[in-house]
Amino acid sequence: QVQLVESGGGLVQAGGSLRLSCAASGRSFNNYVMGWFRQAPGLEREFLAALSWIGSRTWYADAVKGQFTISRDSAKTVVYLQMNSLKPEDTAVYYCAASLRYWARGRYEYDYWGQGTQVTVSS
């Protein structure tokens with residue numbers, strides 16, 4: 001059974017940084033793409049970044065390019081999202097997800113989801 005568990009969320013002041021972690025278990029993720037999304041109240045779930053487990057190719061939403069960085073620790077099957085220069089509008093629940101579709105960006109292209117971790121940025 002695939003399990004994705006996010007951690008690292010919390011309260012941070014504007015301009016600060018957070019690193020989110022997603023621990024993946026339950027199967028081999030060699031053929032998977034791992035992505036990060038967020039959802040603010042009243043808004044659609046928004047794609048942020050993704051990474052291919054083989055080759056570590058990455059792709060980002062334009063809105064967070066240069067601000068967020070996705071990476072992985074293959075030995076631990078953990079994916080990270082480093083978030084810098086945080087703004088109050090970055091406040092949302094952040095989700096980790098897994099997909100078999102390369103270059104996946106849409107939420108419906110992802111098959112497995114974590115429970116989410118809250119990030120709150122105060123002004």
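Residues numbered from 1 in each chain as written. Predicted model: local features only at pLDDT ≥ 70, side-chain atom pairs only at ≥ 80, totals over all residues. Heavy atoms only, no water.

(A) Molecular detail of the packing of aromatic side chains. Under the defined criterion, the tally for this structure stands at 10 aromatic pairs. Measuring from centroid to centroid gives 5.6 Å for W59 and Y102, while their planes differ by 35°, and the two rings are tilted. Of this pair, W59 sits in strand 6 (residues 58-60) while Y102 sits in the loop between strand 9 (92-99) and strand 10 (112-113); the two residues are 43 residues apart in sequence, bridging distant segments of the chain. Overall, W59 belongs to the buried group, its relative accessible area being 5%. The rings of F37, F47, Y95, Y110 and W113 are connected pair by pair, giving a single aromatic cluster. Seen from the ring of Y95, R45 lies directly overhead, with NZ or CZ sitting 3.7 Å from the centre. In this arrangement the basic side chain of R72 is found over the ring face of W53, its NZ or CZ atom lying 5.0 Å from the centre. (Phe/Tyr/Trp six-rings, centres within 6.5 Å; stacked < 30°, edge-to-face > 60°. Helix = DSSP H or I, 4+ residues; strand = E, 2+ residues; numbered from the N terminus. Buried < 20%, exposed > 50% of the residue type's maximum accessible area, 1.4 Å probe, protein only. Lys NZ or Arg CZ within 6 Å of the ring centre and 35° of its normal.)

(B) Looking closely at the nonpolar core. One finds L4, F29, M34, W36, L81, M83 and Y94 to be the most contacted residues of the largest nonpolar core, which totals 39 residues. Residue assignment for this core shows that the elements contributing at least two residues are strand 3 (18-25), strand 4 (33-39), strand 5 (46-52), strand 6, strand 7 (68-73), strand 8 (78-83), strand 9 and strand 11 (117-122). Setting aside residues no more than four positions away along its own chain, L81 makes contact with L18, R19, L20, W36, L48, A49, F68, T69, I70 and Y94. (Core = buried A, V, L, I, M, F, W, Y, C linked by side-chain atoms within 4.5 Å. Contact = heavy atoms within 4.5 Å.)

(C) Structural context of the pairing of strand 3. Across 5 bridges, strand 1 (residues 3-7) lies against strand 3 in antiparallel orientation. Opposite L4, over in strand 3, you have A24 as the bridge partner. In this structure, strand 3 lies alongside strand 8, joined through 6 bridges in antiparallel fashion. By the bridge assignment for strand 8, S21 is matched with Y80. (Pairing = 2+ DSSP bridges.)

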